[in-house]
Amino acid sequence: QVQLVESGGGLVQAGGSLRLSCAASGSIFSINTMGWYRQAPGKQRELVATVTRGGNTNYADSVKGRFTISRDNAKNTVYLQMNSLKPEDTAVYYCNTYIQPYNLRTNRYWGQGTQVIVSS
């Protein structure tokens, strides 16, 4: 009923930039907090950034000052602008959202993941 589609990942050199997008579609009544997680090889999944419906943001210390999370409520889309990328940013990035579909309770949804590789 609800689907998240991620895009924007790829291969980039250190110091470069990428912009990730995650669009929600389906029978959606409302979307609350949206965010991004990442999982590097051999590492646990970690929170990168979140943004509430009202625009309040939180960032992991490792990305603060380099990444910016934003959302377009009209498009049901969350973005992650990644600047000054480092090799340690290499990971699969997952978006997640709290969504209430029509006729259903609020649930947490995950995107399929998009790979980001930063070369040195």
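So, here's what we can say about the structure. Just so it is clear, the structure is predicted and the values come from calculations on it, not from any experiment.

## Focus: the sheet that holds strand 1 (residues 2–7)
No. 1: With respect to topology, four strands assemble into an open sheet ordered 1-3-8-7, the strand pairing being antiparallel. In this open sheet, the two edge strands, each paired with only one partner strand, are strand 1 and strand 7 (67–72). Each neighbouring strand pair of the sheet contributes to a mean axis angle of 15°, computed without reference to strand direction.
No. 2: Bridge count between strand 7 and strand 8 (residues 77–82): six bridges; the pairing is antiparallel. When the bridges of strand 8 are listed, threonine 68 appears paired with glutamine 81.

## Let's talk about the nonpolar core
No. 1: Within the largest apolar cluster, 29 residues are counted, with the highest numbers of intra-cluster contacts made by Trp36, Leu80, Met82 and Tyr93.
No. 2: The set of elements that each furnish at least two residues to this core consists of strand 1, strand 3 (18–26), strand 4 (28–39), strand 5 (46–51), strand 7, strand 8, strand 9 (91–101) and strand 11 (114–119).
No. 3: Among residues more than four places away in sequence, those in contact with tyrosine 93 are Glu6, Leu20, Trp36, Tyr37, Arg38, Val48, Phe67, Leu80, Met82, Gly113, Thr114 and Val116.

## Observations concerning the packing of aromatic side chains
No. 1: Across all of its chains, the model carries two aromatic pairs by this definition.
No. 2: Aromatic pair tyrosine 37 and tryptophan 110: ring centres 5.1 Å apart, planes at 55°, arrangement tilted. Placement of tyrosine 37 in strand 4 and of tryptophan 110 in strand 10 (residues 107–110) is noted, with a sequence separation of 73 residues between them.
No. 3: A cation over a ring is seen here: arginine 19 above tyrosine 79, with NZ or CZ 4.0 Å from the ring centre.
No. 4: Stacked on the ring of tyrosine 94, the Lys or Arg arginine 45 has its end atom at 3.9 Å from the ring centre.

## Some remarks on the pattern of salt bridges
No. 1: Applying the stated rule across the entire model yields three salt bridges.
No. 2: Measuring nitrogen to oxygen at the nearest pair gives 3.0 Å for the salt bridge that ties arginine 38 to aspartate 89. Of this pair, arginine 38 sits in strand 4 while aspartate 89 sits in the loop between strand 8 and strand 9, and the two are 51 residues apart along the sequence.
No. 3: Residue aspartate 89 is joined to arginine 66 by a salt bridge in which the shortest nitrogen-to-oxygen separation is 2.8 Å. Residue aspartate 89 is located in the loop between strand 8 and strand 9, and its partner arginine 66 is located in the loop between strand 6 (57–59) and strand 7; the two are separated by 23 residues in the primary sequence. Note on accessibility: aspartate 89 and arginine 66 belong to one class, buried.

## Let's talk about the state of the cysteines
Simply put, the disulfide is a covalent bond whose two ends are the sulfur atoms of two cysteines.
No. 1: Under the counting rule described, the total for this entry stands at one disulfide.
No. 2: Here cysteine 22 engages in a disulfide with cysteine 95; their sulfurs sit 1.9 Å apart. In this pair, cysteine 22 sits in strand 3 while cysteine 95 sits in strand 9, placing the two residues 73 residues apart along the sequence. When sorted by exposure, cysteine 22 lands in the same class as cysteine 95, which is buried.

## Structural notes on the side chain of serine 30
No. 1: Position of serine 30 among the secondary structure elements: in strand 4.
No. 2: Note on serine 30: relative accessible area 19%, which makes it buried.
No. 3: Those residues within four positions of serine 30 in sequence are excluded, and the remaining contacts are Tyr98, Ile99 and Gln100.

About the criteria used
Residues numbered from 1 in each chain as written. Predicted model: local features only at pLDDT ≥ 70, side-chain atom pairs only at ≥ 80, totals over all residues. Heavy atoms only, no water. Pairing = 2+ DSSP bridges. Helix = DSSP H or I, 4+ residues; strand = E, 2+ residues; numbered from the N terminus. Axes fitted to C-alpha atoms, helices over the stretch in contact; angles between N-to-C directions. Core = buried A, V, L, I, M, F, W, Y, C linked by side-chain atoms within 4.5 Å. Buried < 20%, exposed > 50% of the residue type's maximum accessible area, 1.4 Å probe, protein only. Contact = heavy atoms within 4.5 Å. Phe/Tyr/Trp six-rings, centres within 6.5 Å; stacked < 30°, edge-to-face > 60°. Lys NZ or Arg CZ within 6 Å of the ring centre and 35° of its normal. Salt bridge = Lys/Arg side-chain N within 4 Å of Asp/Glu carboxyl O. Disulfide = S-S within 2.5 Å.

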